[in-house]
Amino acid sequence: MQSQYQQRGISFLRNQTTRSKSKTTKSSSSSSSTSHFSSASSRITVKNLKNKLQLQLLQPRIIPIPRWISPRPFSFTISECFGHASFILVAISYATDDFLLLRIIAVAGSTSMLFFTYFHPHGRILWLPFKWNLLFILINTYRIVKSLYYHYIGYYIMMSDEDKRRVKEDYFDIMDMSDFAKLCSIATEEVLAEGEMVVFQGSKNPYVRMVVEGELDVLRDGVRTYSLGEGNFVTEAGLHAGLFLTGTVESCCTIVAHKRNSSSSSSDSEKDGGKVAARCLRWNRTELMNLLNQNSGLRRSLKAILSWDIVRKLKGQRQTISDHMVEDAEFWTQKRQEQSANRYAAILQNMLQNPEYFKKHKNALDHYRTIHHIDDDRHKQALKTCGWTPSEYEAGERMKDEDDGIV
């Protein structure tokens, strides 16, 4: 009797297990069938949408033209309108000077061409132009997003810093906002106390600076030759003439922060126990030159800004003389000439240390000599300081000796 009950219990458990398995199988099959049905339904929906769109784009539309003008009816499709719009937008993009607007119009034109090539009037998809236009859209969209990002950074800088906003409006007005943001993004801000030294005469200087606020005094052998104010560049080393020098350049003068007037709004701020006299933006020379080489628009606008900066510096020197701030004009002129000659020798030394760069940019160096009136005598003296001869300079390389290498 007991064995019968056991057999019934085992058979009951087997039946329950079988039922649960069958339920699980049915539920899984039902879920899989449901997911398959949903995916099939979505495919059908997309296909129907595509068919409706294709029908609308390729449906001929007739323009009613009076028979006395033309006996033949004029028909067109929306797909053909997309094709014409693409070429019209490309032609418009060629006529605009704005970099961002040009790329936006180019994206609109390529998008119109996508519709024309996918819903072509002949009924076949033109995959070759479709893929190329899709690639053009991706490239231009990336450049648009990047440009908008730097525009945002530039406006944020101007809104958050009144001095930089004033510098941008007064001295960098010709530079695009995105280019100004790129310059500021690789710059380091310096806060200088009264009398603090920026660079020492004869030292190797790897930086280019711009005065954002305050004033700097330029000294040659302890003699004040001129001052640098808001918007002036410091130690640019021929950048205005097209010399993109990397590494370090020997300083031809000592630069210190000038004592500010008590009426200045920032005169009460302090740095290490002293009043803040000036604020500067500082760039690593090599990083700045790499940025300029990668951005032709930024390079052109900065060269123009630096040219005006040279003019303002020259006017400032004349103002120094007219205001009778120079006690001995002859001695002051001598120090200015020594400073100019030493600056040219430092630029020349930097270029001669890079023979390949020197050979490619020798014309730019000649242009610098013309701008700053570097005559042959001063040029030969600079070559002598660098250990070169005029013949070696013309050849573009040092002459080698059989015994010890270089003469």
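Scroll up to find the structure this text is about.
Notes on the structure in this doc start here. Note that the coordinates shown come from a computational prediction; the quantities given were computed from them, not determined experimentally.

What counts, and where the lines are drawn
- Within each chain, residues carry numbers counting from 1 in the order of the written sequence.
- Owing to the predicted nature of the model, reporting of local features is limited to residues with pLDDT of at least 70; listing and counting of side-chain atom pairs is limited to 80 or more, with chain, interface and lining totals taken over all residues.
- Here the side-chain values reflect all heavy atoms present in the structure, with hydrogen atoms and water set aside.
- Put simply, DSSP H or I for four residues or longer makes a helix, DSSP E for two residues or longer makes a strand, and each gets a number counted from the N terminus.
- Here's how the labels work: a residue is buried when its accessible area is under 20% of the maximum for its type, exposed when over 50%, partly exposed in between, all with a 1.4 Å probe on protein chains only.
- Contacts are residue-level and defined by heavy atoms, with any inter-residue pair within 4.5 Å sufficient.
- Joining through side-chain atoms within 4.5 Å is the link that ties buried Ala, Val, Leu, Ile, Met, Phe, Trp, Tyr and Cys residues into a set, and such a set is a nonpolar core.
- For two strands to count as paired, DSSP must find a minimum of two bridges between them.
- Fitting a line to C-alpha atoms yields each axis, with helices limited to the stretch in contact; the angle taken between N-to-C directions then spans 0 to 180 degrees.
- Cysteine sulfurs are considered disulfide-paired once they come within 2.5 Å of each other.

### Comments concerning the overall build of the protein
Within the protein, the regular secondary structure consists of 13 helices and 15 strands. A buried classification covers 37% of the 407 residues belonging to the protein. Here the contacts in the protein between residues at least 6 apart in sequence split such that 69% fall between residues at least 24 apart.

### Details of the nonpolar core
Phe172, Leu183, Phe233, Trp283, Leu302, Leu348 and Leu365 are the most contacted members of the largest nonpolar core, which totals 47 residues. Look past the residues within four positions of Leu302 in its chain and what remains in contact with it is Phe172, Met175, Leu183, Phe233, Leu239 and Leu292. One finds Leu192, Val198, Ala278 and Cys280 within the second-largest nonpolar core, a separate group that totals 16 residues.

### What to know about the sheet that holds strand E8 (residues 223–228)
Sheet architecture is open: four strands sit in the order E4-E11-E7-E8, paired in antiparallel fashion. In this open sheet, the two edge strands, each paired with only one partner strand, are strand E4 (197–199) and E8. Here the strands of the sheet are splayed against their neighbours by 30° on average, with no regard to which way each runs. Across the face of the sheet, helix H9 (residues 329–352) comes into contact with strand E7 (216–220) and E8 while running at roughly 65° to E8.

### Side note on the pairing of strand E6 (residues 207–214)
Within E6, six of the eight residues are buried, which leaves it mostly tucked inside the rest of the structure. Bridge count for E6 against strand E9 (residues 233–234) is two bridges, and the pairing is antiparallel. Looking at E9, one finds that Met210 is bridged to Phe233.

### Re the state of the cysteines
With the rule as written, the count across this model stands at zero disulfides. Unpaired in terms of disulfides, Cys252 finds its nearest cysteine sulfur in Cys253, a separation of 4.1 Å.

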